[in-house]
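Each chain, letter by letter, is given below.
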Amino acid sequence: MPPIVLIAIERQEIFENARKEEARNKLIRDWQSQWDSAENGRWTHRLIPKIDPWFNRTFGEVNYRLTQALSGHGCFPYYLHRFGKLASPSCWYCGHESDDAFHTFFVCDAWHSRRTRMNTILGREITPDNMTEVMRSSKDAWTTIDDFINEVLRKKEEEERRRQTADQP
């Protein structure tokens, strides 16, 4: 969703007789400029470098787990450690020193067979730099990647709950 300030500017321009399409194009340009220069959200920017094609896609719902994958916020030890929820950012499955969204979806051996199955179905290797482009290429591609993300994060959430229960006296 565009920043509220840009939406307000767009609506003001439309109110002042600008064409809707021109106002929307300006909003996208301004949003892209802010997106490119922002210090935060670099993981999301890597996945979604161009706002226009993502924002104007004609299919594909963003759900809870997909939001976690796109933002890097959620059931990732790196993220949980950052906020004092875990003692270590290391991967529960392979011991890698930092389990973030990149490690989880593109590197960790625990998800190798699922990742390979997804890549086989799609006929190409999914990387952070092509994931959202491939998702936007077809409804089937969107569903295949979304299913992979949901399956992996569901397993990680189950493991997190198991660990929380085990840590209780």
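As shown above, the structure is provided for reference.
Structural notes, computed from the coordinates. (Residues numbered from 1 in each chain as written. Predicted model: local features only at pLDDT ≥ 70, side-chain atom pairs only at ≥ 80, totals over all residues. Heavy atoms only, no water.)

Digging into the packing of helix α5 (residues 64–71) against helix α10 (residues 139–167)
We apply this condition: Between N-to-C directions, angles span 0 to 180 degrees; the directions come from axes that are lines fitted to C-alpha atoms, helices contributing only their stretch in contact. Each helix is a run of DSSP H or I of at least 4 residues and each strand a run of E of at least 2, with the numbering of both proceeding from the N terminus. Any angle from 65 to 115 degrees is called roughly perpendicular, while one under 35 is roughly parallel, one over 145 is roughly antiparallel, and all others are oblique. We call two residues in contact whenever any of their non-hydrogen atoms come within 4.5 Å of each other.
Between α5 and α10, whose axes approach to 9 Å, the crossing angle comes to 90°. Considering their axes alone, α5 and α10 lie roughly perpendicular with respect to each other. Counting all contacts with α5, which are made through Y64, R65, L66, Q68 and A69, the residues of α10 involved are W142, D146, I149, N150, L153, R154 and E157.

Side note on the side chain of N150
By the element assignment, N150 lies in helix α10. Leave out the neighbours within four places in its chain, and N150 touches N63 and R65.

Concerning the packing of aromatic side chains
What counts is decided by this rule: Think of it this way: a Phe, Tyr or Trp ring, Trp meaning its six-membered ring, pairs with another when their centres are within 6.5 Å, and the plane angle makes it stacked under 30 degrees, edge-to-face over 60, tilted otherwise. A 1.4 Å probe rolled over the protein chains alone gives each residue an accessible area, and that area as a share of the maximum for its type sets the label: buried under 20%, exposed over 50%, partly exposed in between. Note on geometry: a ring has a charge over it if NZ (lysine) or CZ (arginine) is within 6 Å of the ring centre and within 35 degrees of the ring normal.
Tallied over the entire structure, the rule returns 11 aromatic pairs. Each ring, one from F105 and one from F148, has its centre 6.0 Å from the other, and the planes form 65°; the classification is edge-to-face. With a gap of 43 residues between them, F105 in helix α7 (residues 101–106) and F148 in helix α10 connect regions that are remote in the sequence. As far as burial versus exposure is concerned, F105 and F148 are alike and both buried. Three or more aromatic residues joined by ring pairs make a cluster, and in this case those are W43, F102 and F106. If you follow R42 out to its NZ or CZ, it ends over the ring of W35, 6.0 Å from the centre.

Quick look at helix α1 (residues 4–15)
As a reminder of what qualifies: The span expected for a helix works out to 1.5 Å for each residue beyond the first. Directions from the helix axis toward the C-beta atoms define the arc.
In this model α1 runs 16 Å from its N-terminal to its C-terminal C-alpha over 12 residues, within 8% of the 16 Å that 1.5 Å per residue would give. Looking only at α1, the buried set comprises L6, I7, E10 and E13. Summarising the axial view, the buried residues of α1 lie within an arc of 125°, below the 170-degree limit, and thus occupy one face. Every exposed residue of α1 that faces more than 90 degrees away from the buried side is listed here: I4, V5, R11 and F15. Along its buried surface, α1 packs onto α2 (20–37). N17, located one to two residues past α1, shows a positive phi value of around 80°.

Quick word on the packing of helix α8 (residues 112–122) against α10
Rules: Residue polarity follows a fixed list, in which Ala, Val, Leu, Ile, Met, Phe, Trp, Tyr, Cys and Pro are nonpolar, Asp, Glu, Lys and Arg are charged, and the others, Gly among them, are polar.
Orientation of α8 relative to α10, taken along the N-to-C sense of each, is 175°, at an axis distance of 10 Å. Classed by the angle they form, the pair α8 and α10 counts as roughly antiparallel. Contact residues: α8 offers R114, R115, R117, M118, I121 and L122, while α10 offers A141, T144, I145, F148, E151, V152 and K155. Broken down by class, the residue content of the contact of α8 with α10 amounts to seven nonpolar, one polar and five charged.

On their own, these measurements won't tell you what the molecule is for.
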